[in-house]
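Here is what each chain is made of, one letter per residue.
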Amino acid sequence: MHVLRILRDTWFVVFVVAAARICMHGMRLLDVLPGFRICGSFLGVIFPDAKLLVKQVLFEEISSVRKMILNRPTKLNCLTYEMVVQMLRALEAYECDSAVECITLKAKDGRRGPTPSQSLSSNPPHSTDISTVVMLPIETLAAALSLRSQLMLDYLIATYSKPVIALVDGIVMGGGAGLAMHAAFCVVTENTVFAMPEASIGLFPDVGASKFLSKLPGSFGEYLALTGARLGGGEMLACGLASHFVLSKDLPLLEKSVCEEAPLKKSTISDLLNRFAHKPSLKENSAFRRLEIINRCFSKPTVEEILSSLENEVENDGEKKWIKDAIRSMRSASPTSLKITLKSIREGRAQTIEQCLAHEYTISCHMVRRSMHRDLYEGSRAMLFDKDRKPRWDPPKLESITDEMVGKFFTGLAGIDPHWVDLKLPIRSGRTVARARL
């Protein structure tokens, strides 16, 4: 109750300060409304009996299986703070419950009712509802708490002692990717679409992407992170982002079989999934078929050299549309975000999941605080709010961004502000090493 009282007092201050800033500085209503929206989101958790709280996550119990169903279909099942908190609480309880052997994670499809994960995603392209973060009226505990909670959920799933099966039958981006990629089993279909396009709004791939993208073959992770390129289910299986490919029509029977299986150990689940699994052929235009060129270009030490290498490939063969698309995407993204993204992926290759999440949290906090640059806010304005799709990046050119400038985003938060502290993850007795896919 003491913690809840502190949170209630914090949000009272947020309301007062937001109102004061409107009066004193003539701010637009758009500048403060997201702050009130995130307050409402937090208050839904602080006051669980309030009407603010809706069932944005559904929980079902069948035999020894516990189902978690994202229930925000009209918003592409974008993750909110209360959804993250509800899943954290449930997973912590399930892990201690001897009657629970397996967790399944999917999302509700607004067109057909609860189905296998039609859209296990976030509000593209970020890990939480970006509109509740990018224009907060003041830099408070709110933004840090939201980011921290999301990464804590990703870490819990990545180190979970019981099998978690993510069923992805649609779009998976941002926060949804964090949930699915860290699950022991990630099942995709012919309908699955994966992407991490965060650099397009001045952000960078987080939610553990510096871990799961850096482990992909060659420089394929750098390619996905820097270009925001989309992958289908077959490509996800081929590159290692997914553990199994199952036809969409077979997912209901697969779920039923999981619930009827006993006991539900990791090996028995693997055998069961293998019975439903297919090995789809990669399309001729699949980016993963171009791994040799991707490795040649995206293994270069800097973003500038990567772009130069891609442009050389176009000069040698002007018919390579996918390369032109990659160049166009990188040229339109935030130059600062591109350099941060490359450094994050490269460092993540030699780090543990704990270290990856910690450095991603540090970068995110620096971006949200606007102390070093405002590209996240400008990108969100251009792509999500005003939608003029003409962000004015600062600095606007790659060559204006030095290694020292990029390195500051990786500098710890100690001493900056009492509310902004480095991410400290709980010790989970070496369970991370048991996760083969990570």
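This text goes with the structure placed above it.
Here we summarise the structure given alongside this text. Note that the coordinates shown come from a computational prediction; the quantities given were computed from them, not determined experimentally.

## Quick word on the packing of helix 11 (residues 291–298) against helix 12 (residues 303–316)
Then comes step 1: For the pair helix 11 and helix 12, the least separation of the axes is 8 Å and the interaxial angle reads 135 degrees. Classified by the angle their axes make, helix 11 and helix 12 are oblique. Here I293, R296, C297 and F298 of helix 11 come into contact with helix 12, specifically with I306, S309, L310 and E313.
Then comes step 2: Grouping the amino acids of the contact of helix 11 with helix 12 by side-chain chemistry returns five nonpolar, one polar and two charged.

## Comments concerning helix 14 (residues 335–348)
Then comes step 1: Over its 14 residues, helix 14 extends 20 Å from the first C-alpha to the last, a length consistent with the 20 Å expected when each residue adds 1.5 Å.
Then comes step 2: Counting buried residues in helix 14 gives 11 out of 14 residues, a clear majority hidden from the surface.

## Comments concerning the pattern of salt bridges
Then comes step 1: Summed over the entire model, instances satisfying the criterion amount to 19 salt bridges.
Then comes step 2: Salt-bridge contacts for E222 lead to R346; the nearest nitrogen and oxygen are separated by 2.9 Å. Here the residue E222 occupies a position in helix 7 (residues 220–227), and R346 occupies one in helix 14, the gap between them amounting to 124 residues.
Then comes step 3: The exposure class assigned to E222 is buried, which follows from its relative accessible area of 2%.
Then comes step 4: Connected through shared salt-bridge partners, E292, R296, E313 and K320 make up one network.

## Section: helix 15 (residues 353–369)
Then comes step 1: Taking 1.5 Å of rise per residue, the 17 residues of helix 15 would be expected to cover 24 Å, and the 24 Å separating its terminal C-alpha atoms lies within 8% of that figure.
Then comes step 2: The buried fraction of helix 15 amounts to 14 of the 17 residues, a majority that puts the element mostly inside the structure.
Then comes step 3: Where helix 15 terminates, the next one or two residues include R370, which has phi positive at roughly 60 degrees.

## Re the packing of aromatic side chains
Then comes step 1: One pass over the full model with this rule turns up four aromatic pairs.
Then comes step 2: A centroid spacing of 5.1 Å and a plane angle of 75 degrees characterise the contact between F220 and F288, whose relative ring orientation is edge-to-face. Within this pair, whereas F220 is found in helix 7, its partner F288 is found in the loop between helix 10 (266–276) and helix 11, the two being separated by 68 residues in sequence.
Then comes step 3: Aromatic side chains Y223 and W322 sit 6.0 Å apart centroid to centroid with 80 degrees between the ring planes, which places their arrangement in the edge-to-face category. Taken together, the residues span a long stretch of sequence, with Y223 in helix 7 and W322 in helix 13 (residues 321–332) at a distance of 99 residues. Judged on exposure class, the residue Y223 and its partner W322 are both buried.
Then comes step 4: Taken together, the ring pairs connect F220, Y223, F288, F298 and W322 into an aromatic cluster.
Then comes step 5: In this structure, K343 packs its charged tip against the face of F410, placed 5.1 Å from the ring centre.
Then comes step 6: Over the aromatic face of Y377 sits the side chain of R374, whose NZ or CZ is 5.7 Å from the ring centroid.

## Details of unusual backbone geometry
Then comes step 1: Cis peptide bonds are those with omega within 30 degrees of zero, and the linkage from A262 to P263 qualifies with -10 degrees.
Then comes step 2: Note on placement: P263 falls in the loop between helix 9 (251–260) and helix 10.
Then comes step 3: Here the residue pair D394 and P395 is connected by a cis peptide bond, since its omega of 0 degrees sits within 30 degrees of zero.
Then comes step 4: Here P395 is to be found in the loop between helix 16 (375–385) and helix 17 (403–408).
Then comes step 5: In this structure, L76 is a non-glycine residue whose phi angle is positive, near 55 degrees.
Then comes step 6: Of note, L76 is situated in the loop between strand 2 (65–70) and helix 3 (81–96).

About the cut-offs
Residues numbered from 1 in each chain as written. Predicted model: local features only at pLDDT ≥ 70, side-chain atom pairs only at ≥ 80, totals over all residues. Heavy atoms only, no water. Axes fitted to C-alpha atoms, helices over the stretch in contact; angles between N-to-C directions. Helix = DSSP H or I, 4+ residues; strand = E, 2+ residues; numbered from the N terminus. Parallel < 35°, antiparallel > 145°, perpendicular 65-115°, else oblique. Contact = heavy atoms within 4.5 Å. Nonpolar A, V, L, I, M, F, W, Y, C, P; charged D, E, K, R; others polar. Expected span 1.5 Å × (residues − 1). Buried < 20%, exposed > 50% of the residue type's maximum accessible area, 1.4 Å probe, protein only. Salt bridge = Lys/Arg side-chain N within 4 Å of Asp/Glu carboxyl O. Phe/Tyr/Trp six-rings, centres within 6.5 Å; stacked < 30°, edge-to-face > 60°. Lys NZ or Arg CZ within 6 Å of the ring centre and 35° of its normal.

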